[in-house]
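Okay, here's what each chain looks like letter by letter:
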Amino acid sequence: VRYCVDMGHWLIWDGKRWAKDDQLQINNLAERTMRRLIEGMPATGDSERELAYRNWRLQSGRKARIQAMLDLSRHKVNIGSLELDANSFLLNCNNGTLDLRTGKLRPHGQGDYITKLVDVDYDPAAHSPLFEAFLKKITNDDLELVAARLTNEVQFLYDRELQWEQNIITSI
């Protein structure tokens, strides 16, 4: 888990990305942690100590104590919003993270701090005949005119006076 102070919410790793905790899963995790503490006290033979621990466990399981635990832990797992989605050359797909510089797919990684996910599987062998025909048509079959870089927006560089940039952006 991470807490983003700038955004004011918890992020939970869902196995593919850091997702905003809209379902308050952090509360379930905190309650589960407290339950484990409560269940984990071994018998010591010291009835006074066991009674004190039992009382502490009962108090710790209360909502106010759990909320206090969450409040105190925020600074330990804090992440700034500028650290999230910082690498614009990483595209998170269902089946992994695509490095747009190399075209290589790798496993999802918590350390990438990616919060976005495109709901497709990356397939390096995939073709789109319709889109490829469109590109050939608007570049007069000179595909070297197209130099695309996927970042926060799609930028197209062209060296002829062709009016195809808006068409491509619209089609994507």
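Here we summarise the structure given alongside this text. Please read all numbers here as calculations on a predicted model, not as lab measurements.

Time to look at the overall build of the protein chain. Of the regular secondary structure elements, the protein chain holds five helices and eight strands. Each helix and strand of the protein chain, placed in order from N terminus to C terminus, yields the pattern β-β-β-α-α-α-β-β-β-α-β-β-α. Taking all 172 residues of the protein chain together, 24% fall into the buried category. Residue pairs in contact within the protein chain that sit at least 24 positions apart in sequence constitute 47% of those at least 6 positions apart. About 12,100 Å² of surface is accessible on the protein chain, with carbon and sulfur atoms providing 51% of the total.

This brings us to the pattern of salt bridges. Pairing is possible between side chains of opposite charge, provided their charged atoms come close. Scanning the model with the defined rule gives six salt bridges in all. For aspartate 14, the salt bridge goes to arginine 17, with nearest N and O atoms at 3.4 Å. For aspartate 14, a relative accessible area of 42% puts it in the partly exposed group. Among the residues examined, arginine 17 registers a relative accessible area of 26% and is labelled partly exposed. A salt bridge links aspartate 99 to arginine 101; the shortest N-O distance between them is 3.3 Å.

One open sheet holds the three strands; their spatial order is S1-S2-S3, and the pairing between them is antiparallel. This sheet does not close on itself; its edge strands, each paired only once, are strand S1 (2-4) and strand S3 (18-20). Across this sheet, the average inter-strand angle for adjacent strands is 35 degrees, counted without regard to direction. Note: strand S2 (residues 9-13) against S3, three bridges, orientation antiparallel. Along S3, the bridge assignment pairs tryptophan 13 with tryptophan 18.

Basis of the calculations
- Residues numbered from 1 in each chain as written.
- Predicted model: local features only at pLDDT ≥ 70, side-chain atom pairs only at ≥ 80, totals over all residues.
- Heavy atoms only, no water.
- Helix = DSSP H or I, 4+ residues; strand = E, 2+ residues; numbered from the N terminus.
- Buried < 20%, exposed > 50% of the residue type's maximum accessible area, 1.4 Å probe, protein only.
- Contact = heavy atoms within 4.5 Å.
- Areas by Shrake-Rupley, 256 points an atom, 1.4 Å probe, with all protein chains shown as cover.
- Salt bridge = Lys/Arg side-chain N within 4 Å of Asp/Glu carboxyl O.
- Pairing = 2+ DSSP bridges.
- Axes fitted to C-alpha atoms, helices over the stretch in contact; angles between N-to-C directions.

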